[in-house]
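# Analysis of the macromolecular model
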Amino acid sequence: MLLILTFALSAGDAFESPTWRAVLPELVEKQDLPAASALNGIEFNFARAVGPALAGALVAFAGVGAAFLTNAFSFVGSSWW
């Protein structure tokens, strides 16, 4: 099951990443494009580094259910914006 879910997550990212890179020039001005692209990479790598550490601390202190609910709440909050 873990391999199937990991594959599904990676397949979704394979569709999302090129789309985001194609839309980025429409969102920022041409002179700001290199900075916006670099900021996007920094944000992604920061999330990959800090996210698991925060999740591990939350699981250790409050349990797996709290981590699951926090993750679900974060998606609900981002879908409304």
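Residues numbered from 1 in each chain as written. Predicted model: local features only at pLDDT ≥ 70, side-chain atom pairs only at ≥ 80, totals over all residues. Heavy atoms only, no water.

### Side note on the overall build of the protein chain
- When helices and strands are counted, the protein chain shows three helices and zero strands.
- When the helices and strands of the protein chain are placed in sequence order, the string is α-α-α.
- Radius of gyration (C-alpha) of the protein chain: 16 Å, far over the 12 Å computed for a compact globule of 81 residues.
- Taking the principal axes of its C-alpha atoms as reference, the protein chain extends roughly 45 × 25 × 25 Å.
- Taken across its 81 residues, the protein chain has 5% of its residues classed as buried.
- Per element, the accessible surface of the protein chain, about 7000 Å² overall, is 74% carbon and sulfur. (Helix = DSSP H or I, 4+ residues; strand = E, 2+ residues; numbered from the N terminus. Rg over C-alpha atoms; globule rule 2.2 N^0.38 Å. Buried < 20%, exposed > 50% of the residue type's maximum accessible area, 1.4 Å probe, protein only. Areas by Shrake-Rupley, 256 points an atom, 1.4 Å probe, with all protein chains shown as cover.)

### Quick notes on the environment of Phe-73
- By the secondary structure assignment, Phe-73 is in helix 3 (residues 64-80).
- Spatially, the C-alpha atoms of Phe-73 and Met-1 are 24 Å apart, while their sequence positions differ by 72 residues.

### Focus: helix 2 (residues 33-62)
- Between its terminal C-alpha atoms helix 2 stretches 41 Å, which fits the 44 Å expected from 30 residues at 1.5 Å a residue.
- The principal kink in helix 2, of about 25 degrees, is found at Val-50, preceding the proline Pro-52 by one to four residues.
- Gly-63 lies just past helix 2 and shows a positive phi near 100 degrees. (Expected span 1.5 Å × (residues − 1). Bend = angle between axes of the 7 residues up to and from the residue.)

### Considering helix 1 (residues 2-27)
- Along its 26 residues, helix 1 runs 36 Å from first to last C-alpha, staying within 8% of the 38 Å computed at 1.5 Å per residue.
- Taken as a whole, helix 1 carries its principal kink of about 25 degrees at Arg-21; the proline Pro-25 stands between one and four residues after it.

### Concerning the confidence of the model for the protein chain
- With 94% of its residues at a pLDDT of 70 or more, the protein chain shows a mean pLDDT of 88.
- Averaged pLDDT values over the elements of the protein chain bottom out at 83 in helix 3 and peak at 91 in helix 2. (pLDDT = per-residue confidence, 0-100.)

### Comments concerning a nonpolar patch on the surface
- A cluster of nonpolar side chains, contributed by Met-1, Ile-4 and Leu-5, occupies part of the molecular surface with about 380 Å² of accessible area.
- Considering the arrangement of structural elements, one finds Met-1 in the segment before helix 1. (Patch = residues over 30% accessible without salt bridge, like charges linked within 9 Å, V, L, I, M, F, W, Y side chains within 5 Å. Salt bridge = Lys/Arg side-chain N within 4 Å of Asp/Glu carboxyl O.)

### With respect to the packing of helix 1 against helix 2
- Two elements in contact, helix 1 and helix 2, have axes separated by 10 Å at closest approach and are oriented at 145 degrees. Where helix 1 crosses over helix 2, the two elements pack in a sense that is right-handed. Along its contact with helix 1, which presents Trp-20, Leu-24 and Pro-25, the element helix 2 presents Leu-33, Ala-36, Ser-37 and Asn-40.
- Here the residues of the contact of helix 1 with helix 2 sort into five nonpolar, two polar and no charged. (Axes fitted to C-alpha atoms, helices over the stretch in contact; angles between N-to-C directions. Left-handed = near helix turned anticlockwise from the far one by under 90°. Contact = heavy atoms within 4.5 Å. Nonpolar A, V, L, I, M, F, W, Y, C, P; charged D, E, K, R; others polar.)

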